[in-house]
Each structure stands twice: as C-alpha cells, then as structure tokens.
Amino acid sequence: MPFSIEVKKPKVQLIIIGLIAALMGIGQNGLLVSLPFLVTHSAFSLPTWSIIIAIGSFLFLPSAPFWGRYSDNNGPKSVVIQALLGMSVSFFLLLSFAYLSNSYPSSANYWFVGLIVARIIYGCTVAGMVPASQHWAILLCGENNRLKAITSVSIGLSLGRLIGPVLAIILLKIGPFSSLVMMVIFPFLALIAAVCLPNPLQIKKVKSKAVTVHSLVPSTALIPYLLTGLFLCLTIALLQYSFSPLIESVTHWSSNKVSDTIGLLLTISAAVTLMTQIHVIKKKKIQLPTMYRFGSLFLLVGFLFFLIPNIWTLSFAMTLCACGSALLVPAYTSKATEMDLKNPGTVAGYISMSHTLGYGVASLLAYSSTLSPFYPIYICILFSSGITAIAFLAPINK
C-alpha cells in the first residue's frame, strides 16, 4: 500500500503529529469565536458558559502531568489516540446538550449537567494531547533535535489558531452550532490517521545524574520555565478576555463588528506566530537564550502599545505580542525538557499544567475589565515584566 509506505517516513509522521496538535488551536480559538453564538442560541448566559469551559480547562492541572508520565512509560501513541477520541466525544456532547438547551429550555438543569460531563471528559483526556505530541515528535527527531521537534508541534498549534477563527466565522454563517460539528468530525478523522501511524521507538531508560521528575511536584530547576509558561498564558488569555470591552471603548462599534474585529486580531496573531516559527525558529537563526530574551521584550512592548487608544495600534500591538509569544514558547519548552532528558513527556505535562493554571488565573482576573477596559492591560504588563526578569536573570545559558 503506497499510503502505508509513506506513513512510515519520519517526516510524514511529524507532519501528521503537527496537524493533530493543530486541533487544539482550532478548538480553542474556534470555541472563543463561537461563544457569543452559543450564548444567544442556548439557555445559558456568558458567565455560565465561562464556568462550563473553565471546568474542562482546570482538569488539565492534574491530567496533563499524568498523561505526560504515562507517555514516557508506555509511549505517546496510545495517549494521542485517547485524546483524539475524548475530544470528538466531548464536542459531540457539547453540541448535543447546547442544542437541546435551545430547543427545550425548561430542562436547562439537565442540559447543564450534560455540558459539565462533556467538559470533564475533555479535561481528563485531551490534556494528554500536547505533552504526548511533543514526546512523539522528540522521538521522531532525536534528542539532539529537540527544538525542531517542539517547533513542529508549536507550528501545528499556531496553524490551528490561525485557521480556527476563520473556519468558525465561515461555518457560523451556516448555523450557530456548525463550528461544534467541525470539532466532532476533525478529531475523528485525525484519530484514523493516528491509528495508522507506527509506534515510535522509546528512549531507553538508564540511570542518570540528570534531574528526574516523578512526583506531582516539579523540580525546582523547572520553576523559571514553568513560571514563564504560566505568566505567558495568563497574559495572552487575559488579553483575549478583555478584547471586547477594549475595542468597544476605542471604537464604540456594534457587537457584530467587535466580534469580527476580535476574529481578525486572533488571525493576525496566529499568522505572525506561524511566520515567526517557520522563518526564524525552525531555521535556527537565533539561539535559545536570545529567543527567550527577545521574546520577553517583544511581549512587554506589545502590551505597552495596547495602552494607546487607537484601533490600528491594537493591530501592531497584537503583532508584537504574537512575535514575542512565538519566540518564548519553544525557548522555555526546549530548556525545560533539557532538565530531564529521559522524561520529555513528563516535563511537557508540567508545562501544559502551568499553561492551564495561567488560563485559569486569567479567567479570575477578567472581571477587572468591568472596572476599566485598560486594567487587564496593566496586569498583562506586570506579568510580562516578570517574564522579562526571568529571561534576563535566570541561568538559562547553563
């Protein structure tokens, strides 16, 4: 079979792994764009939907390290397969109960429980997708090409974040639940592709003096990188939460036009991230410490530009933040995995956990936008300054 022969090539496998990781970006940004429609065409308000979504996200905290360790011990393929199956099932349940709540609002309590179950399935299964994908990519590329492996997965995530809002906007013209249908079908198709992939060769476990992480508490050597991941996701998520009041305060546009502008800003962010990863990181034009420092500076300056009340400046600020984020993620992820060379899945799980914690804290700080549209930006500047301090003061050159 020509297809099976092609699939055995590591380069083809790496592309498939990257596309599988793209589903995370498609789901995250697609759901964000769909949220106003879900509020309008369901029995639940925006705060209720925020709680429903947050439940799945917070379950990443214990689940991501667990699946990372499981991937290290048993291989990443089974973890990726269960994550894709869990993603398809959870979005199917989300679609079903959101539709039922719109059709039968009198039974909203039952549909609310169903939505909670859908997000629990999501949090307990999909948490393993990124750690296992990174582990799989490292096994395919080799220990000496960790940056290439991690960048391949990051490119997949960025590609998903790029096309996710675009696909959602197009599909939402068909119906309010069309984007959820997409997130039922795509993971199922990816599941078929993942099953066809051969199991990667595991790294042989040998005794080493390197830092080894086995407990639920990460090693202190990982703290600077985990804090960077937490602060980065906190600032990016808080920025996204505050988009609507920020744009409204600057433009006084209608909600439909604000929604389109949010989709445009997310697309700009994903496009800049993808271009940076392809043309700068993948071609190894700068070293990891330089990437770390430049990324932190771009992020900080980008948030400072968000304080200028001009719609065109917002686009430029988004570009700077996206470039900074694109440089930071592979830099701190690569440095962190070097702390435990034999357990890349476990370390990736801790990083995923720190990302989730950042998203969770951002959801708690999102209320600050009700006090002033610019308060969230001040918070983002504070935490991005923390990333800059870590980038320049932490011993990342060792």
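Above this text you will find the structure in question.
Caption draft 1: Structural view of the overall build of the protein. Check the secondary structure of the protein and you find 17 helices and zero strands. Relative to its length of 398 residues, the protein is compact, with a C-alpha radius of gyration of 20 Å against a globular reference of 21 Å. Its C-alpha atoms give the protein principal-axis dimensions of about 60 × 45 × 40 Å. Within the span of the protein, comprising 398 residues, buried residues form 56% of the whole. Of the contacts made within the protein by residues no fewer than 6 positions apart, 84% connect residues no fewer than 24 positions apart. As displayed, the protein offers around 17000 Å² of accessible surface, 70% of which is attributable to carbon and sulfur atoms.

Caption draft 2: Examining the nonpolar core more closely. Phe243, Tyr292, Leu299, Phe303 and Phe306 are the most contacted members of the largest nonpolar core, which totals 58 residues. Listing elements by their share of this core, those giving two or more residues are α8 (146-172), α10 (223-241), α11 (243-251), α12 (255-281), α13 (288-305), α14 (311-337), α15 (344-365) and α17 (375-393). In terms of nonpolar packing, the next biggest core, distinct from the first, is built from 56 residues, Ala21, Val130, Ile138 and Phe177 among them.

Caption draft 3: Expanded view of helix α3 (residues 46-58). With 13 residues, α3 extends 18 Å between its outermost C-alpha atoms, agreeing within 8% with the 18 Å of an ideal straight helix rising 1.5 Å per residue. Inspection of α3 places Trp49, Ile52, Ile53, Ala54 and Gly56 among the buried residues, and these make up the whole buried set. The elements touched by buried residues of α3 are α2 (10-40), α4 (60-74), α5 (76-103) and α6 (108-125).

Caption draft 4: Seen up close, the state of the cysteines. Taken as a whole, this structure holds zero disulfides when the rule is applied. Left without a disulfide partner, cysteine 321 is nearest to the cysteine sulfur of cysteine 380, which lies 7.9 Å away. Using a relative accessible area of 2% as the deciding quantity, one classes cysteine 321 as buried.

Caption draft 5: Broad picture of unusual backbone geometry. Within the chain, histidine 252 stands out as a residue other than glycine whose phi angle is a positive 60°. Relative to the assigned elements, histidine 252 resides in the loop between α11 and α12.

Caption draft 6: Spatial organisation of the packing of α13 against α17. For the pair α13 and α17, interaxial distance at closest approach is 9 Å and the crossing angle is 165°. Here α13 lies roughly antiparallel to α17, going by the angle between them. When you trace α13 past α17, the crossing you get is left-handed. Contacts between α13 and α17 involve Tyr292, Arg293, Ser296, Leu297, Leu299, Leu300, Phe303 and Leu304 from the former and Ile377, Cys380, Ile381, Ser384, Ser385, Ile387, Thr388, Ile390, Ala391 and Phe392 from the latter.

Caption draft 7: Examining empty space enclosed by the protein more closely. As enumerated under the stated definition, the model contains one cavity of 30 Å³ or more in all. Size it by volume and the largest cavity reaches roughly 30 Å³. Lining the largest cavity, in full, are Gly27, Gly30, Leu31, Ser34, Phe91, Ser179, Leu180, Met182 and Met183. Residue assignment for the lining of the largest cavity shows that the elements contributing at least two residues are α2 and α9 (178-196). Of the residues belonging to the lining of the largest cavity, the class tally is five nonpolar, four polar and no charged.

Cut-offs used in this document
- Residues numbered from 1 in each chain as written.
- Predicted model: local features only at pLDDT ≥ 70, side-chain atom pairs only at ≥ 80, totals over all residues.
- Heavy atoms only, no water.
- Helix = DSSP H or I, 4+ residues; strand = E, 2+ residues; numbered from the N terminus.
- Rg over C-alpha atoms; globule rule 2.2 N^0.38 Å.
- Buried < 20%, exposed > 50% of the residue type's maximum accessible area, 1.4 Å probe, protein only.
- Contact = heavy atoms within 4.5 Å.
- Areas by Shrake-Rupley, 256 points an atom, 1.4 Å probe, with all protein chains shown as cover.
- Core = buried A, V, L, I, M, F, W, Y, C linked by side-chain atoms within 4.5 Å.
- Expected span 1.5 Å × (residues − 1).
- Disulfide = S-S within 2.5 Å.
- Axes fitted to C-alpha atoms, helices over the stretch in contact; angles between N-to-C directions.
- Parallel < 35°, antiparallel > 145°, perpendicular 65-115°, else oblique.
- Left-handed = near helix turned anticlockwise from the far one by under 90°.
- 1 Å grid on protein atoms, 1.4 Å probe; cavity = no way out; pocket = protein on both sides within 12 Å on 5 of 7 lines; lining within 4 Å.
- Points joined across faces, edges and corners; volume = space filled by probe spheres on them.
- Nonpolar A, V, L, I, M, F, W, Y, C, P; charged D, E, K, R; others polar.

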